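Below, each chain spelled out in residue letters.
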Amino acid sequence: MAFSQWMAAGLLLAFSSIGASAAGLGGEGLPSRAGNGDPVAGREKADSGRCLECHGDDGNSGDSRIPNHAGQYAGYLVKQLHDFQTGARQHAVMSVMAEDLDAADMADIAAYFAAQQPMQGRDGSGKRAAPGLFLHGDAGRGIPACADCHGRHGEGRAGEDGTLYPLIGGQRKVYLRAQLTAWKLGERKNSPDGVMNRIAASLSDDEFEALVDYLSGLRPP
Ligand code: HEC
Ligand code: HEC
């Protein structure tokens, strides 16, 4: 390649990656973990909006019923806030907390939490063997592996179609159990195409327990 062409290609690459980060995109045009909000403004808004009282200064909650947000995909947090507003996801406290947030507030607050060091599990019993369901699913029952979507360390993933698979490794245990139960009972039904309802509906209480014990002890990178 001639030098001028090489330079032009390099510049193009540089410009396209600047454009991508301004639009909240990560590598290969996928949404980045931080999204496109302003984390500094987000911290102030999370403080004055009382979010930090429950979800923790650094996004690690003080109560196993309340989810951590530390290191969570910003776009996932924004989607949940939007779903609390519209009623697509229901929770007495969170629908009130989300009520007055506009799109910029959501993006900024989510960017602050996403920028924190990813949640590190504190609730698990310390059993290190991953349940087979987590790594492999159960083809006979049509259950896909959790790790295929949420990552082998539960670190979450941005899908090629823009779907965000949340960080679940290191999440609080009681919260995780409550969500799986809510998906199973159909009390939470805001996952794309009802995927989490289908998966949770096939799982037993013992399987829930093994999964949430493992997940809540994980320390994603
Ligand atoms: C009084 C405690 C409390 C306060 C204050 C609070 N939250 Fe929550 N939040 C919760 C609880 C409890 C849940 C779990 C809801 C459920 O079980 O479905 C939650 C869930 C969430 C979720 C969904 C997380 C996930 O992993 O799906 C988001 C996002 C969230 N809160 C953001 C906020 C923001 C932003 C604020 C401030 C405007 C805020 N919260 C204030 C208690 C609180
Ligand atoms: C085909 C992809 C896929 C598979 C497989 C999958 N999930 Fe999910 N899961 C999702 C998506 C997408 C969401 C986010 C839903 C939303 O946007 O509200 C989610 C959400 C969740 C949540 C809620 C997280 C939170 O912070 O509230 C939990 C818990 C969860 N999944 C656990 C599991 C477990 C355990 C397994 C394996 C038994 C599993 N998932 C398998 C796609 C998947």
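Thresholds, definitions, all that
Residues numbered from 1 in each chain as written. Chains lettered and ligands numbered in written order. Predicted model: local features only at pLDDT ≥ 70, side-chain atom pairs only at ≥ 80, totals over all residues. Heavy atoms only, no water. Near = heavy atom within 4 Å. Polar contact = N/O pair within 3.5 Å; in protein donor to acceptor, adjacent residues only side chain to side chain. Helix = DSSP H or I, 4+ residues; strand = E, 2+ residues; numbered from the N terminus. Domains from an automatic or database assignment. Donors = N, O, S within 2.8 Å, 3.2 Å for Na, K, Ca; no water. Tetrahedral: all angles 85-135°; square planar, octahedral: opposite > 155°, others 65-115°. Buried < 20%, exposed > 50% of the residue type's maximum accessible area, 1.4 Å probe, protein only. Salt bridge = Lys/Arg side-chain N within 4 Å of Asp/Glu carboxyl O.

- As recorded by an unreviewed UniProt entry, the protein carries the name Cytochrome c553 and is attributed to Methylomicrobium album BG8.

Notes on the site of ligand 2
Then, in step 1: If you check the shell around ligand 2, you find 27 residues, and the closest are Cys146, Cys149, His150, Tyr175 and Met196.
Then, in step 2: Tyr175 is positioned with one of its side-chain polar atoms (N or O) 2.5 Å from an oxygen atom of ligand 2.
Then, in step 3: In this structure, Asn190 approaches ligand 2 through a side-chain N or O atom, which is 3.3 Å from an oxygen atom.
Then, in step 4: Mapped by element, the contributors of at least two residues to the shell around ligand 2 are α4 (74–86), α8 (146–150), β2 (164–165), α9 (173–185) and α10 (195–201).
Then, in step 5: Of the residues forming the shell around ligand 2, the biggest block, five residues, is contributed by α9.
Then, in step 6: Counting residues domain by domain, the shell around ligand 2 receives three or more from each of domain 2 (39–114) and domain 3 (132–215).

Let's talk about the coordination of the iron atom of ligand 1
Then, in step 1: Looking at the iron atom of ligand 1, the protein donor atoms are His55 (NE2) and Met94 (SD), and they sit 2.0 to 2.2 Å from it.
Then, in step 2: Its six donor atoms give the iron atom of ligand 1 angles of 87 to 178 degrees at the centre, a pattern that matches the octahedral case. Of this pair, His55 sits in helix α3 (residues 51–55) while Met94 sits in helix α5 (residues 92–98), placing them 39 residues apart in sequence. This pair shows no difference in class: His55 is buried, exactly as Met94 is.

Brief notes about the site of ligand 1
Then, in step 1: Of all residues adjacent to ligand 1, which total 21 residues, the nearest are Cys51, Cys54, His55, Tyr76 and Met94.
Then, in step 2: With respect to ligand 1, the side chain of Gln179 contributes an N or O atom lying 3.2 Å from an oxygen atom.
Then, in step 3: Considering every element that reaches the shell around ligand 1, the biggest residue donor is α4, with five residues.

Focus on the pattern of salt bridges
Where charged atoms of side chains with opposite charge meet at close range, the side chains can pair.
Then, in step 1: Taken as a whole and assessed by the stated rule, the structure comprises 12 salt bridges.
Then, in step 2: With its nearest N and O atoms 3.0 Å apart, the salt bridge here joins Asp105 to Lys45. Separated by 60 residues along the polypeptide, Asp105 in helix α6 (residues 103–114) and Lys45 in helix α2 (residues 39–48) bring together distant segments of the chain.
Then, in step 3: Note that Arg177 and Glu209 form a salt bridge whose closest N and O atoms lie 2.9 Å from each other. You can see Arg177 sitting in helix α9 and its partner Glu209 sitting in helix α11 (residues 205–215), a full 32 residues away along the chain.
Then, in step 4: Through salt bridges with shared partners, one network takes in Lys173, Arg177, Glu209 and Asp213.

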